[in-house]
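Below, each chain spelled out in residue letters.
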Amino acid sequence: MVSVMFPLVLQAAETSRRGKRLIGPIDLSLEGHGVTVVIGPNGAGKTTLLRLMHGTARLNKGSVQWACDTAKAREAQAFVFQRPVMLRRTVRENLMYPLRLKGARKTDAHARAETAARAVGLEDFLERSAVVLSGGEQQKLAIARALITKPALVFLDEPTSSLDGRATRDIEGILQEAKAAGTRLIMSTHDMGQARRIADDVVFLVNGSVGEQDAASTFFDSPKTEQARAFLRGDIIA
Amino acid sequence: MIRFLSVWAFALLVGSAAMADSQMRMAVTTSFHNSGLADVLLPEIQADTGIEVQLLIVGTGQALKLGEAGDVDAILVHSRTAEDAFIAAGFGTHRREIMYNDFVFIGPSSDPAGIAQAQTATAALEGIAQSGATFVSRGDDSGTHKKELSLWAQTDVSAFGPWYNAAGAGMGAALNIASGLDAYIMSDRASWLNFGNKGNLDLLFAGDPVLFNQYAYLPVNPALHDHVKADLTAQLETWLTSQKAADLINGYTIDGEGLFVFNAQ
Amino acid sequence: MVVTLDAELLDIALRSLRVTLTALVIACAIALPLAAMLAVRRYRWRRATIAVLNALMGLPPVVVGLIVYILLSRSGPLGALGLLFTPTAMIIAQVIIIVPLIASIAHQSLRDLWAEYHDLLISMNVTQSQKVRTLLWDARRALLTAALAGFGRGIGEVGAIMIVGGNIDNVTRVLTTAIALETGKGQFALALALGFILIALAISVNLIIHWMGQTEQESRW
């Protein structure tokens, strides 16, 4: 599916709300492998860019074009939010939910939920209510829930921004496994260490536009623009 | 669970809608119902004729309206003028007198208006008006209310003062108000005897023939409403005018006092 | 006397329960999906609908009773059904009275839940009916509270059912109309006893439903 969906091409894409431009114009082309990390200062529009690609932010101008039919591409995606959205159900029922939406049988979904929970270390919490889990556990559950339908592409919006080191390390491990299994990941982060650890390529966003797009090693070792250099130095970019 | 509940709800909705063939509805006045006579008559009617009479207890005004609309099969009320108009308009087939009881004047036991010594009902009411003692009227267009107004019309009282309170309530509720206000009130004897909250009130005046209260039975006209159970209303009328009914009605007492006099022709 | 009174009392209490529970089931079937639709759909008259619904919460039962009476009267538009002075008429009146109440309370909790779920469900590309079902299921405890409020209003209501039911002995006499009748006779002790039965009934239904919700919750956690 990944090879059918990509490349994803954005041309002069813009999103605005009440006449005010949030991001754009953005020109971007993404290939169908590895982990793309979107970085940039707060307010640069990282979340909006992910939502725009996912199709849940309105495209006001330009185009967002998948290699295949948009509806088909949408079917093969999942989205993990910065603040995990937990259904007020048990862990198992949270995991079963997307499977049941796609018409999986109850017994089947029941069993797959168990496998998915084990993969993220939540197998002991299966019958617990999801809303009483810790922040890290909730985010692991959200990622497991996103991965359970075996989507070709998963968007993650700063998935570890409010978590401690241990939870962050666990989640990065989960993401590395997903990547190894062939899942295309597009995520945003403001944690440069995390970006260096897992990015294959980087989109550097500044003031709602793409400042730079490059392979991770190239970007971190020899950024091309002055803004990227300043950002990597830790300067405030206005 | 949800399926079970909806089936249940549907069954109830449908099941409760049907009305059996041996059931009929009769609108009666609150004063008749408060007498308790219905509790004696209805089981006997069911035993003798198999008819289950469902009583709607309302004021005479509403009873007549229910008959007009065809919502009941017959009415048993006590307001001659209104009954005649009902028959004249064709809403009922005919009017059959069944029995009468009487109205009494109730008031505070101290009797500030001195009506206990009055010679006539008219004089008693004039006494109340002159003394300015509090008086409670049903004020609900019922037979009792109409009767009260016709009595006032015969007095020399031209206008009601603040002592006159129109309650807009049934007999029992109006008696409750009178009891609370320590006021005079006109009631049918049966309601008064059965009333449980007499407080400081006493029966002060009774016996004037103008206070007699004739009950009549009026079957609703099946020509206007084809669902009206004319056969049942006819059966009921036969029973109500029978010797057995006469014995039960004349023999009905509360605290040893007879209430009704059977006078069907 | 005591025995017949008890049998009759039981009968009246059961009739109260039957009428109001039936009205409650029907009202929930109408109000809950309506509330969920109002929470998830954005259409032009949504705000107006919510405002009307909130206003209808204060609908005077007597007026509802009068309108249902006029509709169901033999001389009214639905007279042919012969429903006036039956438990069905009482159920209809109670449904009209409690639907706005249940829908308004349910809408508030569903709206909050929808704010929480919105991003996830939109991302999962769920259909309108899947949204509605998810919200109704996950908010079921709050919805239970809404239903209980509706039950409370229904079981204690007297104005409307007196008019459309007629308070016929053994047919449409329920606890509240019996209380009104006994009060009218000045039989305060009996009226009060009936009142206590009514209160006990309302409290036990609340407790039972809460207890059911509780055990389910415990098995879950």
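Residues numbered from 1 in each chain as written. Chains lettered and ligands numbered in written order. Predicted model: local features only at pLDDT ≥ 70, side-chain atom pairs only at ≥ 80, totals over all residues.

### Some points on the overall build of chain C
Defined as follows: Only DSSP runs of H or I reaching four residues or more are called helices, and only runs of E reaching two or more are called strands; each is numbered from the N terminus. Remark: C-beta atoms are placed from the backbone, and a residue is labelled buried if 20 or more other C-beta atoms sit within 10 Å of its own, exposed if 12 or fewer do, or partly exposed between those counts. C-beta atoms are placed from the backbone for every residue, and two residues are taken to be in contact when these atoms lie within 7 Å.
Counting its regular elements, chain C contains 9 helices and 0 strands. Counting from the amino terminus, chain C carries its helices and strands in the arrangement α-α-α-α-α-α-α-α-α. If you line up chain C on its principal axes, its C-alpha atoms span 65 × 45 × 25 Å. By the burial criterion, 45% of the 221 residues in chain C qualify as buried. If you take every contact in chain C between residues at least 6 apart in sequence, the share linking residues at least 24 apart comes to 77%.

### Looking at the interface of chain C and chain B
This is how the line gets drawn: The classification used treats Ala, Val, Leu, Ile, Met, Phe, Trp, Tyr, Cys and Pro as nonpolar, Asp, Glu, Lys and Arg as charged, and all other residues, Gly among them, as polar.
Counting from both sides, the interface comprises 26 residues of chain C and, opposite them, 28 residues of chain B. Of all the secondary structure elements, the ones that give two or more residues to the side of chain C that touches chain B are helix 1 (2-40) and helix 4 (87-123) of chain C. By residue number, the principal contributor to the side of chain C that touches chain B is helix 1 of chain C, which donates 5 residues. Within the side of chain C that touches chain B, the residues separate by chemical class into 11 nonpolar, 11 polar and 4 charged.

### Topic: the packing of helix 3 (residues 37-49) of chain B against helix 10 (residues 230-240) of chain B
Residues and elements named next belong to chain B. The test is simple: Only the stretch in contact is used when fitting a helix axis, every axis being a line fitted to C-alpha atoms; angles between N-to-C directions are given from 0 to 180 degrees. Note on angle classes: values under 35 degrees are labelled roughly parallel, values over 145 roughly antiparallel, values of 65 to 115 roughly perpendicular, and the remainder oblique. Handedness of a crossing follows from how the near helix is turned relative to the far one, being left-handed for an anticlockwise turn of less than a right angle and right-handed for a clockwise one.
Put simply, helix 3 and helix 10 touch, their axes get as near as 11 Å, and they point 115 degrees apart. Taken together, the axes of helix 3 and helix 10 are roughly perpendicular relative to one another. Both helix 3 and helix 10 take part in a crossing whose hand is right-handed. Seen from helix 3, the contacting residues are Ile45, Asp48 and Thr49; seen from helix 10, they are Gln235, Leu236 and Trp239. Among the residues forming the contact of helix 3 with helix 10, the class breakdown is 3 nonpolar, 2 polar and 1 charged.

### Some remarks on unusual backbone geometry
Excluding glycine, a negative phi dihedral is what most residues carry, and trans is how most peptide bonds are arranged. For the peptide bond that leads from A:Phe6 to A:Pro7, omega is 5 degrees, which places it in the cis range. Counting through the fold element by element, A:Pro7 comes out in the loop between helix 1 (2-5) and strand 1 (8-17). Despite not being glycine, B:Asp255 has its phi angle at roughly 50 degrees, a positive value. The exposure class assigned to B:Asp255 is exposed, which follows from the 6 C-beta atoms found within 10 Å. A positive phi angle is found at C:Asn170, which is not glycine, with a value near 70 degrees. As for its placement among the helices and strands, C:Asn170 is situated in the loop between helix 7 (159-165) and helix 8 (175-184).

### Let's talk about the sheet that holds strand 6 (residues 153-157) of chain A
Residues and elements named next belong to chain A. As a reminder, the rule being used: Whether two strands pair comes down to DSSP finding at least two bridges between them.
If you walk across this open sheet you meet the 6 strands as 5-6-7-3-8-9, and the pairing is mixed. The open sheet has two edge strands, strand 5 (77-80) and strand 9 (209-215), and neither has a second partner. Between one strand axis and the next, the sheet turns through 15 degrees on average, direction left out of account. Here strand 8 (residues 201-206) pairs with strand 9 via 6 bridges, running antiparallel. By the bridge assignment, Asp201 is partnered in strand 9 with Ala215.

### Here's the deal with helix 6 (residues 140-155) of chain C
Residue and element names in this part refer to chain C. Convention followed: Working rule for helices: expected span equals 1.5 Å times residues minus one. Along the arc lie the directions from the helix axis toward the C-beta atoms.
Relative to the 22 Å expected for 16 residues at 1.5 Å per residue, helix 6 spans 22 Å between its end C-alpha atoms, a close match to the ideal helical length. Buried within helix 6 are the following residues: Leu143, Ala146, Ala147, Gly150, Phe151, Gly154 and Ile155. The buried side chains of helix 6 occupy one side of the element, clustering within an arc of 160 degrees when seen end-on.

### Considering the interface of chain A and chain C
Counting residues at the interface gives 14 residues for chain A and 13 residues for chain C. Its residues assigned to classes, the side of chain A that touches chain C shows 6 nonpolar, 4 polar and 4 charged.

### Describing the pairing of strand 5 of chain A
Residue and element names in this part refer to chain A. Going residue by residue along strand 5, you find Gln77 and Phe79 tucked away on one face and Ala78 and Val80 tucked away on the opposite face as well. Here strand 5 runs beside strand 6; their pairing, made up of 4 bridges, is parallel. What sits directly across from Ala78, in strand 6, is Val154.

### What to know about the sheet that holds strand 1 of chain A
Residues and elements named next belong to chain A. If you trace the 3 strands from one edge of the open sheet to the other, you get 2-1-4, paired in antiparallel fashion. The sheet terminates laterally at strand 2 (20-30) and strand 4 (61-65), the two strands that pair on one side only. Between one strand axis and the next, the sheet turns by 25 degrees as a mean value, whatever way the strands run. With 7 bridges connecting them, strand 1 and strand 2 associate as antiparallel partners. Among the inter-strand pairings, Leu10 is bridged to a residue of strand 2, identified as Leu28.

### Focus: the domain arrangement of chain B
Residues and elements named next belong to chain B. Definition in use: Marked domain ranges trace back to an automatic or database domain assignment.
One can read the domain layout of chain B as domain 1 (9-100 + 213-262) and domain 2 (103-211). Taken residue by residue, the interface counts 18 residues in domain 1 and 17 residues in domain 2. Listing elements by their share of the side of domain 1 that touches domain 2, those giving two or more residues are helix 2 (30-35) and helix 4 (60-69). Broken down by element, the side of domain 1 that touches domain 2 gets its largest block of residues, 4 residues, from helix 2. For the side of domain 1 that touches domain 2, the per-class residue count stands at 4 nonpolar, 12 polar and 2 charged.

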